[in-house]
Protein chains: 2
Amino acid sequence: MSDTTAPARGAATLHDVARAAGVSLATASRVLNGSTRKVAESYRERVEAAAEQLGYTANLSAQATARGTSAIVALLVADIADPYFGQLASGVARGADEAGLVVTIAITERDPQREVKLVRALRGQRPRGLILAASRVEGPDAVGLQGELDAFSNMGGRVVVVGPGGGSARSVAVDNRGGSAALGAELADLGYRDAIVVAASEGIRTSDDRLAGFTEGFTAAGGVIREVRRAGFTRDAGYAAASDLLTGDVPAGTLIFGISDVVAIGIMSAVRDAGRQVGADIAVAGFDDIATGRDIRPGLTTVRVPLEDLGYQALHAATDPEWTPGEPQLPLEVIVRGSTPPRG
Amino acid sequence: MSDTTAPARGAATLHDVARAAGVSLATASRVLNGSTRKVAESYRERVEAAAEQLGYTANLSAQATARGTSAIVALLVADIADPYFGQLASGVARGADEAGLVVTIAITERDPQREVKLVRALRGQRPRGLILAASRVEGPDAVGLQGELDAFSNMGGRVVVVGPGGGSARSVAVDNRGGSAALGAELADLGYRDAIVVAASEGIRTSDDRLAGFTEGFTAAGGVIREVRRAGFTRDAGYAAASDLLTGDVPAGTLIFGISDVVAIGIMSAVRDAGRQVGADIAVAGFDDIATGRDIRPGLTTVRVPLEDLGYQALHAATDPEWTPGEPQLPLEVIVRGSTPPRG
DNA sequence: CCACGTGGTTCGCGCTCAAGC
DNA sequence: GGCTTGAGCGCGAACCACGTG
C-alpha cells in the first residue's frame, strides 16, 4: 500500500507514472512521448490514465538533454512593443504552435553589442532555430555576431535572418527595392514631383534598398529626391527628423517618405505639430502597412507587407529541414490612402 | 597529442572544457557556473581560457535538470501584435533580462481552451514563473485553468496574474475602477452628459471594473449612461459595436467610452466611416494610453497606465521570493486629448 | 591528531534509446 | 512481438582524498 496517488511536492515524473501504471519507464515513455514502437492497448490505457490522474507533463529540459535536441525556437527582435515586430512575432508564434515548438524571445534594443550577448545566452538553450528579426548581419558591427552565429550553426542550430541575409544563414526576405520602386512610381503618377526621404543610416540594407527602390521608381516617373535625411527606425527618430526638416523651407506639395510606417507616423505627428497639414500640404508615405496606418487620419499610404506571414515563413525556414530560399516570395502591394491625395 | 582544440560537431560540453584545461569536471563547473567554493587563480584562468576558446556555453537544459530549476519565465498573452500586450511584454522582457532569465511566450488568441492547453505545455518547461496577462481566472471558463495553475504551483512555480487576481496566484493589478471613475468625473466636468459604453462580456473583471468605475464617476458628476454595449477587447470588436450603434440615433455630443484604447480606436474609425466626426460630434475615450493614441487625430482621451512598468512588476512578482502584493500601486493618470473637446 | 582548504570522484536529475529477454 | 533492463545525455552537488598548519 504505497502512496501511489500522492499529488506530490514537485512535479510528477515519468517514473511516478510508470509506477502508478505498473509498467516500466520505457513503456511509459513510449506511450506518452512519441516513439515508432507500439505498445499494447491495455498498457497504453493504463499509462494514459495514470498520467492524466497525476497531471503528468514531460519535463522538457530532461527530454532535451536526453534527446540532444530541444523544442525551442529563439526569436530576437529590436523592440517587441513596436508593431512591426509584434506582427512578425505573431506569425512566428503561430507557426511554432503548429509545430509543437516553444518560442523564447529576446530584445536587442537595437544595440549590436547586446545582440551578441543575447545570441550567446540563447545558445545555452540549444534552440533548434534562431530567428534574427532586427540585425545587420553585415558591416563592422556584425563582426562579433558572425562568430556567435557560426558557433550556433556548428552546434546544429539553424539561423534565419529576416531581411537581407548574409553568409550561411537562411533568410526570409521582402522585396524592399521592388516594393518601394512601385510606391515611388505610383506617387509620381499621382502628381508628386518633390520628395524627401527619411531613412536610417547608410549601410543598413533594409533602409538602403527601400531608398534605392523609391529613388528609382520616383525619378523614373519624373520626380526628384530633394533630400535624404538619416534617422532611424523608430517613431521618435521620424518625428525628430521631420521636425528639424520643417524648421527649414518645405514647400506645400512636398512628399516625405518614411523608411517604415513607424517612422512615417512620427513624421505625420511632427508635420502637424509644426502647424502644417498632412495630405494636400505635406504628403507622407511609409512602408510595411502596420495596423495603425489604417486607423489614423488621414490614412497612411504605404506598401503592404504581410508581416505575419513573414514571421510564419521565418519559423519554417528555421525548422523545416528541406526549405528552399525565397520559396513563396511574399506579395507586396502599394496602398494609397489619404496621406497622399492626388495632386492636380 | 589529442585533438583538444577541435571546434567539434555539436556544442562544446563542460567535459570538453575540463579536458582542454586539464582539470576535472567539478573544477570547470565551479569556475564557469557559480559555486560557493573557491578555485585557485591558476586553474581558474586555464578554465576560462579553454571555455573562451571553445566557445563554450552551458547547456541550460542540462543545468535545469541537474539543478531541478530552470531560468525560464513563461508569459501568456492574448495577442502579441496588440500594442497593449506588446508594451507589457516589453517590461517583462526587460526585467527578465536584468535577472538573467529567459522568457518564453505563448499566445492564447483569447481562447480559454487554448489557454489551458498552453499552460499545460509550458508547464513542461518547468518555468520558475508563469505570467498570465490575459485570462479570466474566475468564472466558468476558468475551471480547467485553475487545475493547471494549481498543478503548476504544486510544482514549485509561481503564478502571476496581471489584473484582478484570483485564488492563490499573486497578482499585479491596476486600479481600473478608480482610474475610470476619475475619467468619468473629468469628462462630466468637461460638459458631457450622455455616454455609451462599449465593454466586454459581463464577468470579465477588467471590463466590469472599468464599467463600474466609469459609471460611478460619470453619474456622480451628473452624467447618464445611456447604454452599455457588449463587444470584446479588440479593435474590430469596437468597430463593429460602434458601427451598429450608429445605425441608430446617436445625438451629437454623445460620448462613447471604449473599455480599452484598442477598442476606442476601432470606435473612432467606425464613427468616421459612419460619416460622423470624432470630437465635437461624437466624443470617444479609452483606457490604457497605448502609444498609438498619441499619434492619431484627434488624440485619444484616456487613462494612462504604465504598461511597461506593469510588465516589469509582473516579472518581479514571478521571481522575487519576498514580494508583497500591491507593492507600488501603479499611478494612473487621466489624459484628455482632442477626442473629447470641452463641451459648452 | 585534527581542522581546514582545495581538487577529484561519483551519483543522480528525468528522460531516451539500443540492446536484451 | 512486446516489454524490460541498462547505459548515457550534460550537468550539479554531495562526498571523498589529499595536502597543509
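For the structure, see preceding data.
Residues numbered from 1 in each chain as written. Chains lettered and ligands numbered in written order. Predicted model: local features only at pLDDT ≥ 70, side-chain atom pairs only at ≥ 80, totals over all residues. Heavy atoms only, no water.

1. Things to note about the side chain of B:Thr104
Secondary-structure assignment places B:Thr104 in strand E2 (residues 102-107). Judged by its relative accessible area of 0%, B:Thr104 is buried. Excluding its chain neighbours within four sequence positions, the residues that come into contact with B:Thr104 are A:Val102, A:Val103, A:Thr104, B:Ile72, B:Val73, B:Ala74, B:Leu75, B:Leu122 and B:Gln125. (Helix = DSSP H or I, 4+ residues; strand = E, 2+ residues; numbered from the N terminus. Buried < 20%, exposed > 50% of the residue type's maximum accessible area, 1.4 Å probe, protein only. Contact = heavy atoms within 4.5 Å.)

2. Points about the protein's contact with DNA strand D
As a structural note, the neighbourhood of DNA strand D is formed by 25 residues, with A:Thr27, A:Arg30, A:Arg37, B:Leu14 and B:Gln63 the closest of them. Atoms of DNA strand D within 4 Å of the protein belong to the sugar or the phosphate in 63% of instances, the rest to bases. Within the backbone of A:Ala40, an N or O atom sits 3.2 Å from a phosphate oxygen of DNA strand D. For DNA strand D, a phosphate oxygen lies 2.8 Å from a polar atom in the side chain of B:Tyr56. If you list the elements that add at least two residues to the surface near DNA strand D, you get helix H2 (25-32) and helix H4 (60-67) of chain A together with helix H4 (60-67) of chain B. Counting residues per element, the surface near DNA strand D draws most heavily on H4(B), which supplies five residues. In terms of residue class, the surface near DNA strand D is built from 11 nonpolar, nine polar and five charged. (Near = heavy atom within 4 Å. Polar contact = N/O pair within 3.5 Å; in protein donor to acceptor, adjacent residues only side chain to side chain. Nonpolar A, V, L, I, M, F, W, Y, C, P; charged D, E, K, R; others polar.)

3. Some details on the sheet that holds strand E9 (residues 282-285) of chain B
Residues and elements named next belong to chain B. Reading across from one edge, E7-E6-E8-E9 is the order of the four strands in this open sheet, with parallel pairing throughout. Among the strands making up the open sheet, the edge pair consists of strand E7 (224-230) and E9. Between one strand axis and the next, the sheet turns through 20 degrees on average, direction left out of account. Pairing of strand E6 (residues 194-199) with E7, which is carried by six bridges, proceeds in the parallel orientation. In the sheet register, Ala195 faces E7, and the bridge partner there is Ile225. Those strands touched by helix H9 (residues 205-220) are E6, E7 and strand E8 (254-258), and its axis lies near 165 degrees from that of E7. Each of E6, E8 and E9 touches helix H11 (residues 261-273); the most contacted strand, E9, lies at about 165 degrees to it. (Pairing = 2+ DSSP bridges. Axes fitted to C-alpha atoms, helices over the stretch in contact; angles between N-to-C directions.)

4. Re the relation of the copies chain A and chain B
Between the two copies, chain A and chain B, the superposition gives an RMSD of 0.2 Å; the rotation angle is 180 degrees and the shift along the axis is 0.1 Å. Taken together, these values place the two copies in the relation of a two-fold axis. Both copies present the same face, since 100% of the interface residues in chain A are matched by interface residues at the equivalent positions in chain B. (Least-squares fit on C-alpha atoms with pLDDT ≥ 70 in both.)

5. Some points on the pairing of strand E2 (residues 102-107) of chain A
With six of its six residues buried, E2(A) lies for the most part within the structure. Here E2(A) shows two buried faces, one formed by A:Val102, A:Thr104 and A:Ala106 and the other by A:Val103, A:Ile105 and A:Ile107. Pairing analysis gives six bridges linking strand E1 (residues 72-77) of chain A to E2(A), with the strands arranged parallel. The partner of A:Val73 across the bridge, within E2(A), is A:Val103. Between the parallel pair E1(A) and E2(A), the chain is carried across by helix H5 (residues 83-98) of chain A, and the sense of this crossover is right-handed. Sheet topology places E2(A) next to E2(B); three bridges connect them, and they run antiparallel. Among the inter-strand pairings, A:Ile105 is bridged to a residue of E2(B), identified as B:Val103. (Right-handed = clockwise from strand over helix to strand, strands pointing away.)

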